[in-house]
Amino acid sequence: MANYIPALAEVNPDQFGIAIYSNDGTLHTAGDAESEFSIQSISKVFNLILAMQQYGEDIWSRVGHEPSGQPFNSLVQLEYESGIPRNPFINAGALVISDMNYSRIAAPQYAMREFVRRLTGNPNLHYDHAVSDSEFETRARNAAMAYLMQSFGNFHNNVEEVLRYYFNNCSLRMSCVDLVKAFSFLANRGYCRHSDTQILSELDSKKINALMATSGLYDEAGNFAYRVGLPGKSGVGGGIVAIVPDQFSVCVWSPELNAAGNSLAGMSALEILSKRIGWSIF
Ligand SMILES: NC(=O)CC[C@H](N)C(=O)O
């Protein structure tokens, strides 16, 4: 578990769920697929999509789209690279994207939750304030990144307020079933079937998949490409979402993490499935 977040350290590690949602609307589930958990860094994808809708390609003047090869909460590249984070899926990158959204979006504290409620069709999704308060209390590392970026002119709003916004988004509680529905448009060229909405253009949804394939699992993105071979995004709540383009979205959840902060059982389950069914984008 994410022991560095006290409220997450209390989650029972002995749980596992999986859901698969295909483009024709068929849902398959097993285990704890309906149990809600803290989506954590999986929220970085929703955060990025909200920013893409506001800023388009201008995003890339403030954050890169290269893999970092560093842990998700690393500070080392930030100073060498003048406060421009490598990509939107490491913490520094997600903090810049949060800062951008905070500048443009009305009522930012509710924006992501409302967006994700629409994507899933589930009106009962909530932030977990015990988790976000716990993260705020232990925010030193994330705060250090944000203040360092501010010193380079790449952070415009009040750091403490944006940190609250970022932690709130990370604390959103969703199940594997919610997540496969929310991510289904990335398997379907930007189109969300159950809400009959084009969420992103086909090209932009390919770009999100490319970013997930190269940076979605931080410094383990290479290992994930090698073992699973799909665009994916993980979070320290133990969830991993992966996309099989033109076919389906899949989500696994199990709270025990490996050293890179990715779900131990989740990685293995996706590897076995991808081998057995022959899924891979490569
Ligand atoms: N990898 C993660 O899921 C990290 C997200 C977590 N909220 C953090 O900022 O540390």
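All of these numbers come straight from a predicted model, not from anything done at the bench. (Residues numbered from 1 in each chain as written. Predicted model: local features only at pLDDT ≥ 70, side-chain atom pairs only at ≥ 80, totals over all residues. Heavy atoms only, no water.)

## Digging into the sheet that holds strand β7 (residues 232-234)
How we decide: Pairing between strands is defined by DSSP: at least two bridges between them are needed. Strands are runs of DSSP state E lasting at least 2 residues, helices are runs of H or I lasting at least 4, and numbering of each runs from the N terminus. Every axis corresponds to a line fitted to the C-alpha atoms, with the helix fit spanning only the stretch in contact, and the corresponding angles, defined between N-to-C directions, vary from 0 to 180 degrees. Throughout, a contact is declared for two residues whenever any of their heavy atoms are within 4.5 Å.
The sheet built from five strands is open, its strands ordered β2-β1-β9-β8-β7 with antiparallel pairing. The outermost strands of the open sheet, each flanked by one partner alone, are β2 (27-31) and β7. Adjacent strand axes in the sheet meet at a mean angle of 10°, parallel and antiparallel pairs treated alike. Relative to strand β9 (residues 248-253), strand β1 (residues 17-22) runs antiparallel, the two sharing six bridges. Of the residues in β9, the one forming a bridge with Ile-18 is Val-252. Its contacts with the sheet put helix α9 (residues 176-187) on β1, β2, β8 (239-244) and β9, and the angle it makes with β9 is roughly 150°.

## So, the nonpolar core
In summary, soluble globular proteins display a tendency toward joint burial of nonpolar side chains. This is how it is decided: Residues grouped as a nonpolar core are buried Ala, Val, Leu, Ile, Met, Phe, Trp, Tyr and Cys residues, joined through side-chain atoms within 4.5 Å. Each residue's exposure class comes from its accessible area (1.4 Å probe, protein chains only) as a fraction of the maximum for that residue type: buried when under 20%, exposed when over 50%, partly exposed otherwise.
Membership of the largest hydrophobic core comes to 66 residues, with the highest contact counts inside it found for Phe-46, Ile-59, Met-174, Leu-179, Phe-183 and Ile-208. Here this core takes nine residues from α9, the largest share from any one element. Those residues in contact with Met-174 that sit more than four places away from it in its chain are Ser-35, Glu-36, Phe-37, Ile-39, Phe-46, Val-116, Thr-120, Leu-125, Leu-179 and Ala-182. In this structure, Ile-18, Ile-20, Val-252 and Trp-279 belong to the second largest nonpolar core, which totals 16 residues.

## Description of the packing of helix α2 (residues 43-55) against helix α4 (residues 91-104)
Rule in force here: Each angle is binned into one of four classes, with values under 35 degrees roughly parallel, values over 145 roughly antiparallel, values of 65 to 115 roughly perpendicular, and all other values oblique. By the definition used in this description, the sense in which the near helix is turned from the far one sets the handedness, with an anticlockwise turn below a right angle giving left-handed and a clockwise turn giving right-handed.
Relative to each other, α2 and α4 sit at 45°, their axes nearing to 9 Å. In terms of orientation, α2 lies oblique with respect to α4. Once α2 is placed against α4, the crossing between them reads as left-handed. Contacts from Lys-44, Asn-47, Leu-48, Leu-50, Ala-51, Gln-54 and Tyr-55 in α2 reach Asn-91, Ala-94, Ile-97, Ser-98, Met-100, Asn-101, Ser-103 and Arg-104 in α4.

## A word on the pairing of β9
The buried count for β9 comes to six of six residues, which makes it a mostly enclosed element. Residues Phe-248, Val-250 and Val-252 point to one face of β9 and Ser-249, Cys-251 and Trp-253 to the other, with burial holding for every one of them. For β8 and β9, the ladder comprises six bridges, and the chain directions are antiparallel. Across the sheet, residue Ile-243 finds its bridge partner in β9, namely Ser-249. Hairpin connection between β8 and β9: a loop of three residues separates the two successive antiparallel strands, and Asp-246 in this loop has a positive phi of roughly 70°.

## Concerning the site of the ligand
Applicable threshold: Only a single heavy atom is needed: when it lies within 4 Å of a molecule or strand, its residue is near that molecule or strand. Any N or O atom pair separated by 3.5 Å or less is treated as a polar contact, with the protein-specific requirement of one donor-capable and one acceptor-capable atom, and with residues adjacent in sequence counted only for side-chain atom pairs. Working definition of accessibility: Shrake-Rupley area with a 1.4 Å probe, residue cover restricted to the visible protein chains. Basically, the charged four are Asp, Glu, Lys and Arg, the nonpolar ten are Ala, Val, Leu, Ile, Met, Phe, Trp, Tyr, Cys and Pro, and anything else, Gly included, counts as polar.
Around the ligand sit Tyr-4, Gln-40, Ser-41, Phe-72, Asn-91, Glu-135, Asn-142, Tyr-166, Cys-170, Tyr-218, Gly-235 and Val-236, and that is every residue in its neighbourhood. At 2.8 Å, a backbone N or O of Val-236 approaches an oxygen atom of the ligand. Relative to its free-state accessible area of 300 Å², the ligand is covered by the protein chains to the extent of 99%. For the shell around the ligand, the per-class residue count stands at six nonpolar, five polar and one charged.

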